[in-house]
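# Chain and residue survey
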Amino acid sequence: IEILKALPSDRRLQFVEVGLWQGKSAIFLVQYALAMGLDFHLWLVDVFRGCEMSGGNLKKISRDLCLGSSFVANTAANLAQNGAGTCSSMLQVPSDQAARFFDDGSCDLVFIDADHSYEAAFRDVLAWLPKMRKGGFLAGHDYDHPPVKRAVDQISLELGLNMEQRGKCW
């Protein structure tokens, strides 16, 4: 919420969420942004393979998702049912490939919560960093996960970035 309040309200904003879990955090973001009267579009980036291993942790998902029900369809339905369908678009590609679709300096908020391996977290942060608009926010989840923390800390140190931790977020 604090990040949304810090963004300009006089132009259309571009948000990206990398890594979804049935769209729950996207719905939260959309509902707050709409309540604040922001003009925005949210891009949702994921490979939509909810049953795969991610950084050594098997994602806990409902049985029907593992048995062939579409992860993409479930996510889209959740977004639509909660008012987030009309202001968001899904990209079913790996994070670093999705970043290539965006111009440098075009994103106001990018939130990374995808593959939690060190290599993937490092690659995701580096891929999205140039896409940030001046005054924008690059953030992520699971800072308490050692490989994610190591990747974020290393990039922050090497590039001299100001990184803050808020709970499990960075």
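Remember, it's a predicted structure, so these values are computed and weren't measured experimentally.

### Brief notes about the overall build of the protein
- Scanning the protein for helices and strands turns up seven helices and seven strands.
- Listing the helices and strands of the protein from first to last along the sequence gives α-β-α-β-β-β-α-α-β-α-β-α-β-α.
- Long-range contacts, defined here as pairs at least 24 residues apart, represent 76% of the contacts in the protein between residues at least 6 apart.
- Summing over all exposed atoms, the protein offers an accessible surface of approximately 9100 Å²; the carbon and sulfur share of this is 53%.

### Notes on the layout of surface pockets
- Counted as a void, the largest pocket has a volume near 1000 Å³.
- Around the largest pocket, the lining is made up of 29 residues, and of these Ile 3, Phe 137, Leu 138, Ala 139 and Trp 170 lie nearest the centre.
- Looking at the lining of the largest pocket, the elements with two or more residues in it are helix H1 (2-6), helix H2 (24-35), strand S6 (107-112), strand S7 (132-140) and helix H7 (146-159).
- Tallying contributions element by element places S7 first for the lining of the largest pocket, with five residues.
- Among the residues making up the lining of the largest pocket, the classes are represented as 21 nonpolar, four polar and four charged.

### Concerning the nonpolar core
- Core analysis: the largest hydrophobic core is formed by 25 residues, its most contacted members being Val 16, Val 18, Val 110 and Trp 128.
- Here the element with the most residues in this core is helix H6 (residues 118-128); it accounts for six residues.
- For Val 16, the contacting residues outside a window of four places in its chain are Leu 42, Trp 43, Val 45, Phe 102, Cys 107, Leu 109, Val 110, Phe 111 and Trp 128.
- Of all hydrophobic cores here, the second largest spans 20 residues; its members include Leu 79, Ala 84, Cys 87 and Leu 109.

### Some remarks on the environment of Gln 14
- With respect to the helices, strands and loops of the structure, Gln 14 is situated in strand S1 (residues 13-18).
- On a C-alpha basis, the gap between Gln 14 and Val 110 in space is 8.7 Å, while along the polypeptide they are 96 residues apart.
- Here Gln 14 is in contact with His 41, Trp 43, Phe 102, Ser 106, Cys 107, Asp 108 and Leu 109, once residues within four sequence places are set aside.

### Let's talk about the sheet that holds S7
- The sheet built from five strands is open, its strands ordered S5-S2-S1-S6-S7 with parallel pairing. The open sheet terminates on both sides in strands that have one partner only, identified here as strand S5 (88-91) and S7. Ignoring strand direction, the axes of neighbouring strands in this sheet form an average angle of 15°.
- Direction of pairing for S6 relative to S7: parallel, over a ladder of five bridges. Bridge pairing links Cys 107 to Met 132 in S7.
- Most of the contacts of H2 go to strand S2 (residues 40-45), to which it runs at about 175°, and overall it touches S1, S2 and S6.
- Sheet strands touched by H6: S1, S2, S6 and S7. Its angle to S6, the strand with the most contacts, is close to 175°.

### Description of helix H4 (residues 71-81)
- Restricting attention to buried positions, one finds in H4 the residues Phe 71, Thr 75 and Leu 79. All buried residues of H4 project into a common sector of 65° when viewed along the axis, lining one side. Of the exposed residues in H4, the ones pointing more than 90 degrees away from its buried face are Ala 80 and Gln 81.
- Gly 83 occupies a position one or two residues after H4 and carries a positive phi of about 80°.

### With respect to the packing of H6 against H7
- At a closest axis distance of 8 Å, the pairing of H6 and H7 adopts a crossing angle of 40°. The orientation of H6 with respect to H7, classified from their angle, is oblique. For the pair H6 and H7, the sense of crossing is right-handed. Residues Tyr 118, Ala 121, Phe 122, Val 125 and Leu 126 of H6 lie in contact with H7, whose contacting residues are Pro 147, Val 148, Arg 150, Ala 151, Val 152, Gln 154, Ile 155 and Leu 159.
- Class assignment for the residues of the contact of H6 with H7 results in 11 nonpolar, one polar and one charged.

Definitions and cut-offs
For every chain, the first residue of the written sequence is number 1, and numbering continues from 1 onward in sequence order. Given that this is a predicted model, residues contribute local features only at a pLDDT of at least 70 and side-chain atom pairs are listed and counted only at 80 or more, while totals for whole chains, interfaces and linings are drawn from all residues. Based on all heavy atoms of the structure, the side-chain values leave hydrogens and waters out of the count. Every helix listed is a DSSP run of H or I at least four residues long, and every strand listed is a run of E at least two residues long, numbered separately from the N terminus. What makes two residues a contact is simply this: any of their non-hydrogen atoms within 4.5 Å. Note that accessible areas follow from Shrake-Rupley with a 1.4 Å probe, and for residues the cover is restricted to the protein chains shown. Method remark: on a 1 Å grid restricted to protein atoms, a set of points is classed as a cavity if a 1.4 Å probe fits but cannot get out and as a pocket if it is open with protein on both sides within 12 Å along at least five of seven lines; lining residues have an atom within 4 Å of a point. Grid points are joined across faces, edges and corners, and a volume is the space filled by probe spheres set on the points. Put simply, Ala, Val, Leu, Ile, Met, Phe, Trp, Tyr, Cys and Pro go in the nonpolar bin, Asp, Glu, Lys and Arg in the charged bin, and everything else, Gly too, in the polar bin. Residues belong to a common nonpolar core when they are buried Ala, Val, Leu, Ile, Met, Phe, Trp, Tyr or Cys residues joined through side-chain atoms within 4.5 Å. Relative accessibility under 20% of the residue-type maximum defines a buried residue, over 50% an exposed one, and the middle range a partly exposed one, all with a 1.4 Å probe and only protein chains included. In this description, strands pair whenever DSSP reports at least two bridges between them. To get an axis, a line is fitted to the C-alpha atoms, and for a helix only the part in contact is used. The angle between two axes follows their N-to-C directions and goes from 0 to 180 degrees. The arc in question is traced by the directions running from the helix axis to the C-beta atoms. Angle categories are assigned with fixed cut-offs, so that under 35 degrees is roughly parallel, over 145 is roughly antiparallel, 65 to 115 is roughly perpendicular, and the rest are oblique. Crossings are sorted by hand: turned counterclockwise from the far helix by less than a right angle, the near helix makes the crossing left-handed, and turned clockwise it makes it right-handed.

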